[in-house]
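# Working through the structure, step by step
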Amino acid sequence: MSRNACKFLIIGFSCLVFVLFLAWSASDPAVKSRIEILSIVADDELIENNKDTGIRILQDTETQNLQNVDIHDPQDAYRKAKTDFVYQQEAHNILKNIIEETGKTKEEYNPTEEQSPNHVQQQQNIRPKTFFSELNLTFADIKLLENNTIPTEIFIAACLEMGPFLSKLGTGISVIKREVENNLHDINRLFEQDKEKYHTLQAMVLYDIESGRIMKHHTCSRSLRWLRRMYEFISIFLEKIAMGEKDLTKDARVAYDSTISMFHNYFIRKAISTGLHLLPTYETFLISMSVDKEDAKNPVFEQVFKEDVLHYISTLKPICNIIKQFYTDHGLEN
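Residues numbered from 1 in each chain as written. Predicted model: local features only at pLDDT ≥ 70, side-chain atom pairs only at ≥ 80, totals over all residues. Heavy atoms only, no water.

We now examine the packing of helix 9 (residues 201–211) against helix 14 (residues 301–329). Their axes nearest at 11 Å, the elements helix 9 and helix 14 cross at an angle of 25°. It follows from the interaxial angle that helix 9 and helix 14 lie roughly parallel. Here helix 9 and helix 14 pass one another in a crossing that is right-handed. In contact with Leu201, Gln202, Val205 and Leu206 of helix 9, helix 14 contributes Ile322, Ile323, Phe326 and Tyr327. Here the contact of helix 9 with helix 14 is built from residues that sort into 7 nonpolar, 1 polar and no charged. (Axes fitted to C-alpha atoms, helices over the stretch in contact; angles between N-to-C directions. Helix = DSSP H or I, 4+ residues; strand = E, 2+ residues; numbered from the N terminus. Parallel < 35°, antiparallel > 145°, perpendicular 65-115°, else oblique. Left-handed = near helix turned anticlockwise from the far one by under 90°. Contact = heavy atoms within 4.5 Å. Nonpolar A, V, L, I, M, F, W, Y, C, P; charged D, E, K, R; others polar.)

Next up, the structure:
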């Protein structure tokens, strides 16, 4: 058999494995019986400090307002402390200036008309919103407890916030998204059984050690290790983009090879490798990271997005490192 024939045979086999994996994911009864955890967006959640868990999530669709979040909260402070752009410029002030320039009343003003250079400059001075700047909470909101223990509830909530991000990457990353969902489901299921007993991630792992369930399927010790690896993948993937790498397939492959690939079997590696070719272009991805499509047209949007990504990564990495060190200390990392 010629080299080209072998090459096409391998590519065809990889595609078949990927398609079969997607079909299995869609039909797996175990998956259907679970809540699609990462599809939940915490838009209706209000953050409130709690001494025992570090933070408490309250459902309150009527009173939810980011301005109600404690100004000392790290993520909220980050949103309010930016200095590169004029964030305090209110929309009605912009409209007032336009009215003065055009002589029109508020009702007569048509925003689709050609705008003055001054207004265009004002638009650029307003910091555009990005997916990461508008997250209700991130890993920056985690308040470490005694001995660097991580409160389980806020950790789960921070992971939930990234569900839409993985969805925006499409089918190209569906295998990894499925693993994140399944592992997060296992952690959340055990936490819901006894929130007081499992109020920290470390307590959940120690329970597995004491009960002889360490690293068994669907245990927290196993699921948390995999989940941490997944977020290390996300961290490196985002970092490559923030540093100017615009080939998402290449960025994802570098991130995958350095974090998860060595722990997957041959067939899963091939399925993921094939799927990565389906990732969107950088331009399409960048637009999907805007809250308002008009923001994506702002000349400074790309710069702002990269700033927000780097901030997000800077808060994610320390949490991953704490978890990894805990596993290493207990001989569980490998």
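Within helix 12 (residues 266–275), the full set of buried residues consists of Ala271, Ile272, Thr274 and Gly275. Each buried residue of helix 12 lies within a common arc of 160° when the element is viewed along its axis, so the set occupies one face. The N-cap of helix 12, judged by a side-chain oxygen 3.1 Å from the amide nitrogen of Phe267 a few residues on, is Asn265. (Buried < 20%, exposed > 50% of the residue type's maximum accessible area, 1.4 Å probe, protein only. Arc of directions from axis to C-beta. Polar contact = N/O pair within 3.5 Å; in protein donor to acceptor, adjacent residues only side chain to side chain.)

As a further point, take the pattern of salt bridges. Per the stated rule, a full pass over the model turns up 12 salt bridges. Here Glu302 and Lys246 are joined by a salt bridge, their closest N and O atoms 3.8 Å apart. With Glu302 in helix 14 and Lys246 in the loop between helix 10 (220–242) and helix 11 (248–259), the pair connects residues that are 56 residues apart, well separated along the chain. Classification of Glu302 by relative accessible area gives partly exposed; the value is 24%. Classification of Lys246 as partly exposed rests on a relative accessible area of 45%. Salt-bridge contacts for Glu294 lead to Lys297; the nearest nitrogen and oxygen are separated by 3.2 Å. Summarising the burial analysis for this pair, Glu294 and Lys297 share the class exposed. Overlapping salt bridges bring together Arg127, Glu307 and Asp308 as one network. (Salt bridge = Lys/Arg side-chain N within 4 Å of Asp/Glu carboxyl O.)

Another point: helix 14. The terminal C-alpha atoms of helix 14, which comprises 29 residues, lie 42 Å apart, in line with the 42 Å expected from a rise of 1.5 Å per residue. The positive-phi residue at the C-terminal boundary of helix 14 is Gly331, with phi of around 65°. (Expected span 1.5 Å × (residues − 1).)

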